[in-house]
Amino acid sequence: YNKDSNGTLMIEKENFDPSLMIKTTFSYNDKGEIEEKIDSRRGFSFGSKSFEYDEFGRQTKINHYNQDGSIEKTSTFLYNDKDSRQTEIITDQSKRLIRRIETKLNSKNKKIIEATFDGKSRLIQKKTIGHNKDGKISRIHDYDMLKPGENGKPILISIITYEYD
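Read on for an overview of the structure. (Residues numbered from 1 in each chain as written. Predicted model: local features only at pLDDT ≥ 70, side-chain atom pairs only at ≥ 80, totals over all residues. Heavy atoms only, no water.)

A few points about the sheet that holds strand β10 (residues 111-118)
Argument step 1. Taken together, 11 strands build an open sheet; the order of strands is β3-β4-β5-β6-β7-β8-β9-β10-β11-β12-β13 and the sheet is antiparallel. Only two strands of the sheet have a single partner each, and these edge strands are β3 (23-28) and β13 (155-161). Looking at each pair of strands side by side, their axes are set apart by 15 degrees on average, direction ignored.
Argument step 2. Bridge count for strand β4 (residues 34-41) against strand β5 (residues 44-53) is 6 bridges, and the pairing is antiparallel. Among the inter-strand pairings, serine 40 is bridged to a residue of β5, identified as serine 45. (Pairing = 2+ DSSP bridges. Helix = DSSP H or I, 4+ residues; strand = E, 2+ residues; numbered from the N terminus. Axes fitted to C-alpha atoms, helices over the stretch in contact; angles between N-to-C directions.)

Some points on the packing of aromatic side chains
Argument step 1. Tallying each qualifying case throughout the model produces 1 aromatic pair.
Argument step 2. A cation sits over an aromatic face here: arginine 58 above tyrosine 79, 4.2 Å from the ring centre.
Argument step 3. Lying over the aromatic face of phenylalanine 117, arginine 100 brings its terminal NZ or CZ to 4.1 Å of the ring centre. (Phe/Tyr/Trp six-rings, centres within 6.5 Å; stacked < 30°, edge-to-face > 60°. Lys NZ or Arg CZ within 6 Å of the ring centre and 35° of its normal.)

The following block contains the structure:
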C-alpha cells in the first residue's frame, strides 16, 4: 500500500487467488424454503446440505453431505410448542448421537437458554441469552458445564454484550 497526497491508502499491488473463492448455490421449493445448499470451490463440491420442513415452515431435518455425496451427519429438529422448547439432535451417518441442543424460548419466541449435551447426554455448555425491550439480543453468557468453579457453580467462559443505536 502507498498513501496519496491526501493520506488515503492506495493499493499498489493486489493478489487474487481464485482457489480461495467459495461458491454457494441454493435451491428452493415452491414455498420459498431452502431445499439444498451446495458449497463448491473451483467447480467441485466440498459439501452440501439438504433441508426438510414441517407444515408450519420450521426446519425438521438437515442432512450434511461430504464432497463425495455421502452423509456425514444429520440434524433433526423437534418442537414442543406447549413448553416453548426446541431440540436439535445431531447424529452421525450410523445414527449415533453426537450432540443434543435444547433451546428454551420466551413468550416472544426468542431464545433465552441454550443447553448443549454431548453424545453421552452430559451437559457440556449452557448459554443464557437476554433481550432488550425491542426483542433484540442484549447479552449472551456462555458457561462451561464440565469444569465447575468455586462452590460447584459453572465457569462463565464468555460474555457478549450488544448495544444498538
